[in-house]
Amino acid sequence: MPTITQLRSWQDLTAHAEATRHLHLRDLFAADPTRGERLSAEGAGLYLDYSKNRVTDETLTLLLALARETGVEARRDAMFAGEKINVTEGRAVLHTALRAPAGATVMVDGRDVVPDVHEVLGRMAAFADQVRAGTWLGHTGRPLRNIVNIGIGGSDLGPVMAFEALRHYAQRDLTLRFVSNVDGTDLVEKTRDLDPAETLVIVSSKTFTTQETMANAQSARAWLLAALGDESAVARHFVAVSTNADAVQKFGIDTANMFGFWDWVGGRYSMDSAIGLSLMLAVGPDRFRELLAGFHDMDEHFRTAPLEGNLPVLLGMLGLWYNNFHDAQSHAVLPYDQYLAYFPAYLQQLDMESNGKHVTLDGQTTDYQTGPVIWGQPGTNGQHAFYQLIHQGTKLIPADFIGFCQTLNPLPLGDGAPHHDLLMANVFAQTEALAFGKSLDAVLAEGVPADLAPHRVFDGNRPTNTILADRLTPHTLGALIALYEHKVFVQGAVWNINSFDQWGVELGKVLAGKIVPELHADAEPELQHDSSTNTLIRRYRTRR
Ligand code: F6P
């Protein structure tokens, strides 16, 4: 099979990258006073300024030619149509059906799944309304005020990220906790101050077999029963979110208290399924529906907008430009909003578990780079930690800056500028500094001594995207998440990899399963690992 590096558009891009390597953003902006307005796009309430990228009009044309030549549009349409594009697991990829409005039709194996989606949403809403109103009573007759979500990976990162993001809209007399780590510290610290009689535990696991989640769920049950004393308490205090009804039943949770989803929803794409139950409990069914509408608006934008103005396509292809033609190893995501503190961590799973692959759909080893390392944290904190390296280090780090025109927490500052202006001034200042830098001449003109001047020079030409929205609402958050879901899709489609499996997490799971009994066996087990692993296990056994 020919690889994508043999495609005409790929080769054109390789040549074009060489020919334009000397270009500086200073020159590109000087040559076109309208660049800042021209290189922008809008969709689903999000405004994208991509003008501060090392691209010319020709670069963009070539990048979109690559998207077309690799069949991104056909792959996108196949996904929306419910074709089994997750070929290694033989599954459709239909997280977009989770936010399809009632009345839409999405067929999987001859069945319209939209009514199923809305049936579960309706049950979730009825349950959430009862808990929020205090009419769902615990075993001792008290309303449940604490909600503990137990899950890991996609069954944790989405809910915790979205809960933090939408905390402003949350019902404040409910306490939400998210337990994921199998380290007992996580469960102990997150439940230490909770009264079991007022606590609802949501066990969230697509497979209901994940070691960490099952261990935490068992221990949470023991914690609850130690206080409430009676096995029948489980029915009022435990609910499950899963695709595996048998395992839920075996665990002892009544399937009447189970909220289902389907194998065509990948774990890292599941936060808008029943996996979002904890979020719905916090913000209420109406806000949850607004979130789904935001996702859906971005889905429609991705499905219908011409590639030239299509936000996920633009973000995906720009990322690919640095990843494949400028040797960038990583990509930073820098939200300028405290509520989005967990967004980079969420994107790490979304992007790195999806596109951390080195084998194409037809089983060939790629001769090109695939998914980048994703990292970041909220501005302005990052500015006082790692931005130094982005500004003056030796590595090229493309970055997305995310900001909002209106704050949810206005704090006026006497005579000074309001907090939000201080925050947003930093967004605009950082991307300006990264793009344009400060030349040696400018530094010397300020009177800096010649021997210090090189330290004060900023080369600039460091690429950024700026994503601006009016306000962080459930709708905006949905659109933002869908933007990144589809960005990841676009890149995976170009790289011809399967963005929807995760075999790379299996080996460690299997080996851990083997090692667990070796750690607490009474007699010294016959260890058949390498000498390093054997020695570490022996040392642990003697000191545990
Ligand atoms: O890390 C592997 C993984 O399978 C993720 O893809 C998934 O989100 C996570 O484990 C949790 O899986 P589950 O929801 O089945 O417990």
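Residues numbered from 1 in each chain as written. Predicted model: local features only at pLDDT ≥ 70, side-chain atom pairs only at ≥ 80, totals over all residues. Heavy atoms only, no water.

Student: Whenever I open this one, helix α6 (residues 114-133) confuses me. Can you help?
Tutor: Because each turn of an α-helix spans 3.6 residues, side chains separated by three or four positions in sequence point in the same direction. Taking 1.5 Å per residue as the helical rise, α6 with its 20 residues ought to reach 28 Å, and the 28 Å between its terminal C-alpha atoms agrees with that figure. Within the span of α6, buried status applies to V114, D116, V117, V120, L121, M124, A125, F127, A128, V131 and R132. Where the residues of α6 are buried, they touch β4 (111-112), β7 (199-204), β8 (238-242), β9 (258-260), α12 (277-283) and α13 (285-304). Within two residues after α6, G134 carries a phi angle of roughly 80 degrees, on the positive side. (Helix = DSSP H or I, 4+ residues; strand = E, 2+ residues; numbered from the N terminus. Expected span 1.5 Å × (residues − 1). Buried < 20%, exposed > 50% of the residue type's maximum accessible area, 1.4 Å probe, protein only. Contact = heavy atoms within 4.5 Å.)

Student: Just to check I follow, could you spell out the pairing of strand β13 (residues 464-469) for this structure?
Tutor: Consecutive side chains along a regular strand alternate between the two faces of the sheet. For β13, a buried count of six out of six residues is recorded, marking the element as mostly surrounded by other parts of the structure. Burial along β13 is two-sided: the residues T464, T466 and L468 and N465, I467 and A469 are all buried. As paired elements, strand β2 (residues 46-49) and β13 share three bridges and run antiparallel to each other. What sits directly across from L48, in β13, is I467. Here strand β12 (residues 399-404) pairs with β13 via six bridges, running parallel. When the sheet's bridge partners are listed, A399 is paired in β13 with T464. (Pairing = 2+ DSSP bridges.)

Student: Where do I start with helix α9 (residues 211-228) in this structure?
Tutor: Taking 1.5 Å of rise per residue, the 18 residues of α9 would be expected to cover 26 Å, and the 26 Å separating its terminal C-alpha atoms lies within 8% of that figure. Among all positions in α9, only T213, M214, N216, A217, A220, R221, L224, L225 and L228 are buried. End-on, the buried residues of α9 take up no more than an arc of 170 degrees, which puts them together on one face. Once α9 ends, the next one or two residues include G229, with phi positive near 75 degrees. (Arc of directions from axis to C-beta.)

Student: So what exactly am I meant to see when it comes to the sheet that holds strand β5 (residues 146-150) here?
Tutor: Strand pairing within a sheet occurs via backbone hydrogen bonds; the two strands may be parallel or antiparallel. The five strands are arranged β6-β5-β7-β8-β9 in an open sheet whose pairing can be described as parallel. One side of each edge strand has no neighbouring strand; the edge strands of this open sheet are β6 (175-179) and β9. With direction set aside, neighbouring strand axes in the sheet form an average angle of 20 degrees. (Axes fitted to C-alpha atoms, helices over the stretch in contact; angles between N-to-C directions.)

Student: Please explain the packing of helix α4 (residues 57-69) against helix α14 (residues 311-325) as it appears in this structure.
Tutor: Packed helix pairs are specified by the crossing angle of their axes together with the interaxial distance, meaning the distance between the axes. Viewed as axis vectors pointing N to C, α4 and α14 meet at an angle of 105 degrees, and their least axial separation amounts to 10 Å. Considering their axes alone, α4 and α14 lie roughly perpendicular with respect to each other. Between α4 and α14, the residues in contact are T59, L60, L63, L64, L66 and A67 and V313, M317, L318, L320 and W321, respectively. Partitioned by chemical class, the residues of the contact of α4 with α14 number ten nonpolar, one polar and no charged. (Parallel < 35°, antiparallel > 145°, perpendicular 65-115°, else oblique. Nonpolar A, V, L, I, M, F, W, Y, C, P; charged D, E, K, R; others polar.)

Student: Could you clarify how one ought to interpret the UniProt feature "active site" (unreviewed entry) in the chain in this entry?
Tutor: The feature "active site" (unreviewed entry), as given by UniProt, occupies E353, H384 and K509 in the numbering adopted here. A maximum C-alpha distance of 37.2 Å shows the annotated residues, which cover 157 residues in sequence, to be distributed over more than one spot. Lining the largest pocket, out of the annotated residues just given, are E353 and K509. Tracing the sequence through the fold places H384 in the loop between β11 (373-375) and α16 (387-392). By the secondary structure assignment, K509 is in helix α21 (residues 506-520). Residue K509 is classed as partly exposed on the basis of its relative accessible area of 48%. (UniProt positions renumbered as here; feature names shortened; annotations may be inferred. 1 Å grid on protein atoms, 1.4 Å probe; cavity = no way out; pocket = protein on both sides within 12 Å on 5 of 7 lines; lining within 4 Å.)

Student: Explain the packing of helix α1 (residues 8-20) against α4 here, please?
Tutor: At a closest axis distance of 8 Å, the pairing of α1 and α4 adopts a crossing angle of 155 degrees. Our classification of the angle between α1 and α4 gives roughly antiparallel. Between α1 and α4 the crossing geometry is left-handed. On α4, the residues touching R8, S9, W10, D12, L13 and H16 of α1 are E58, T59, L62, L63, A65, L66 and E69. In terms of residue class, the contact of α1 with α4 is built from six nonpolar, three polar and four charged. (Left-handed = near helix turned anticlockwise from the far one by under 90°.)

Student: Please explain the side chain of N86 as it appears in this structure.
Tutor: Within the secondary structure, N86 sits in the loop between α5 (72-80) and β3 (107-108). Discounting chain neighbours no more than four positions away, the residues touching N86 are R91, V93, N498, F500 and D501.

Student: Explain the nonpolar core to me, please; I cannot follow it from the model alone.
Tutor: With 121 residues, the main nonpolar core has W264, M317, F343, L477 and Y484 as its most contacted residues. For this core, the leading source of residues is helix α20 (residues 474-495), giving 13 residues. Residues within four places of W264 in sequence aside, it is in contact with A92, V93, L94, H95, A97, L98, V108, V113 and V117. (Core = buried A, V, L, I, M, F, W, Y, C linked by side-chain atoms within 4.5 Å.)

Student: How should the site of the ligand be read in this particular structure?
Tutor: As a structural note, the neighbourhood of the ligand is formed by 14 residues, with S155, S205, T207, T210 and E353 the closest of them. Between the ligand and the protein, one listed contact pairs an oxygen atom with a side-chain N or O atom of Q349 at 3.2 Å. In this structure, an oxygen atom belonging to the ligand sits 2.7 Å away from a side-chain N or O atom of E353. Here the ligand loses 87% of its free accessible area of 390 Å² to cover by the protein chains. Given that more than half its atoms are within 2 Å of the pocket grid, the ligand belongs to the largest pocket. A class-by-class count of the residues in the shell around the ligand yields two nonpolar, nine polar and three charged. (Near = heavy atom within 4 Å. Polar contact = N/O pair within 3.5 Å; in protein donor to acceptor, adjacent residues only side chain to side chain. Areas by Shrake-Rupley, 256 points an atom, 1.4 Å probe, with all protein chains shown as cover. Sits in = over half its atoms within 2 Å of the grid points.)

Student: So what exactly am I meant to see when it comes to the sheet that holds β2 here?
Tutor: Across the sheet, which stays open at both edges, the six strands sit in the order β1-β2-β13-β12-β10-β11 with mixed pairing between neighbours. The open sheet has two edge strands, β1 (40-43) and β11, and neither has a second partner. Between one strand axis and the next, the sheet turns through 15 degrees on average, direction left out of account. Strands in contact with helix α15 (residues 343-355) are β10 (330-335), β11 and β12; relative to β11, the strand with the most contacts, it is inclined by about 165 degrees.

Student: Hey, could you run me through the layout of surface pockets in this one?
Tutor: Where empty space is left can be seen by rolling a probe of water-molecule size over the atoms. In this structure, the largest pocket spans a volume of roughly 930 Å³. Going through the elements one at a time, α9, α15 and α21 are the ones with two or more residues in the lining of the largest pocket. Broken down by element, the lining of the largest pocket gets its largest block of residues, four residues, from α21. Considered class by class, the residues forming the lining of the largest pocket number ten nonpolar, 18 polar and nine charged. By volume, the second largest pocket is sized at about 400 Å³. (Points joined across faces, edges and corners; volume = space filled by probe spheres on them.)

Student: Is there a simple way to think about the pattern of salt bridges in this case?
Tutor: Pairing between side chains becomes possible if they bear opposite charge and their charged atoms approach one another. Tallying each qualifying case throughout the model produces 27 salt bridges. For D195, the salt bridge is made with R142, and the minimal N-O distance between the two is 2.4 Å. Of the two residues, D195 is situated in the loop between α8 (184-191) and β7 and R142 in the loop between α6 and β5; the sequence distance between them amounts to 53 residues. A salt bridge links E198 to R142; its shortest N-O distance comes to 3.4 Å. A residue pair is termed long-range when its members are at least 10 positions apart, and E198 in the loop between α8 and β7 and R142 in the loop between α6 and β5 qualify at 56 residues. Connected via shared salt-bridge partners are R99, D272, D299 and E485. (Salt bridge = Lys/Arg side-chain N within 4 Å of Asp/Glu carboxyl O.)

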